[in-house]
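Analysis of the macromolecular model
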Amino acid sequence: EDKVVQSPLSLVVHEGDTVTLNCSYEVTNFRSLLWYKQEKKAPTFLFMLTSSGIEKKSGRLSSILDKKELFSILNITATQTGDSAVYLCAVEAGNQFYFGTGTSLTVIP
Amino acid sequence: GAVVSQHPSRVICKSGTSVKIECRSLDFQATTMFWYRQFPKQSLMLMATSNEGSKATYEQGVEKDKFLINHASLTLSTLTVTSAHPEDSSFYICSAQDRRSLAQHFGDGTRLSIL
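Another aspect to go through is the overall build of chain A. Broken down by element type, chain A carries zero helices and eleven strands. Walking chain A from its N terminus toward its C terminus, one meets helices and strands in the order β-β-β-β-β-β-β-β-β-β-β. Computed over its C-alpha atoms, the radius of gyration of chain A comes to 13 Å, within 12% of the 13 Å expected for a compact globule of 109 residues. Projecting the C-alpha coordinates of chain A onto the three principal axes gives extents of approximately 40 × 25 × 20 Å. Among the 109 residues that make up chain A, the fraction classed as buried is 42%. For chain A, restricting intrachain contacts to residue pairs at least 6 apart in sequence, the fraction spanning at least 24 positions comes to 53%. Summing over all exposed atoms, chain A offers an accessible surface of approximately 5400 Å²; the carbon and sulfur share of this is 49%.

Residues and elements named next belong to chain B. One open sheet accounts for four strands, arranged β1-β3-β8-β7; its pairing is antiparallel. Single-partner strands in this sheet number two, and they are β1 (4-7) and β7 (67-73). The average undirected angle you get between the axes of adjacent strands in this sheet is 15°. In this sheet, strand β3 (residues 19-25) lies alongside β1 in antiparallel orientation, the contact comprising four bridges. Residue pairing in the sheet places H7 in a bridge with E22 of β3.

Thresholds, definitions, all that
- Residues numbered from 1 in each chain as written.
- Chains lettered and ligands numbered in written order.
- Predicted model: local features only at pLDDT ≥ 70, side-chain atom pairs only at ≥ 80, totals over all residues.
- Heavy atoms only, no water.
- Helix = DSSP H or I, 4+ residues; strand = E, 2+ residues; numbered from the N terminus.
- Rg over C-alpha atoms; globule rule 2.2 N^0.38 Å.
- Buried < 20%, exposed > 50% of the residue type's maximum accessible area, 1.4 Å probe, protein only.
- Contact = heavy atoms within 4.5 Å.
- Areas by Shrake-Rupley, 256 points an atom, 1.4 Å probe, with all protein chains shown as cover.
- Pairing = 2+ DSSP bridges.
- Axes fitted to C-alpha atoms, helices over the stretch in contact; angles between N-to-C directions.

Take a look at the structure:
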């Protein structure tokens, strides 16, 4: 069974658009949810979320966690071509990490 | 969906022991697999790229004699931490690249604790 589900699988937008990426999870002993940006090989850490309702923000990116409904969203405003990447969501639960399959974002000029 | 099985999920052993971690792609073939180490600030550090049938490519600063990688088939790569010491305690994660779609799929990781 998939413990972490990301949607959509793939997204193509124009520069300037705002996108929302979704990550839902179903795990026991939840500890944290992490978002990564993967462009080449090693994912780049974006956010770690542990508490519900507290928005984390970094430039045009923001993320929030809902521990009651078991999901998180990653928002990117005013997208740029450099935002094109695979965005990974991972949930730390107990002693393990569970990764989603990622959302592939393509930003067209 | 594509599944990558990483085994074991948790290892606790004494200093000086060698530990082998397996990474298997269960329903796809992976010519390339990646091994990562998770650091406390949640950044994933790429250790090496494993290519089926050839030697692994190690990132700068990673000791190839310490972290032995074998990619014996299109569905299996192994990482052996030789003569492990407490500073090797960490979370090790593999990912496998689907040879057809080129998508990377991650394993659930192995938490290694060296006493």
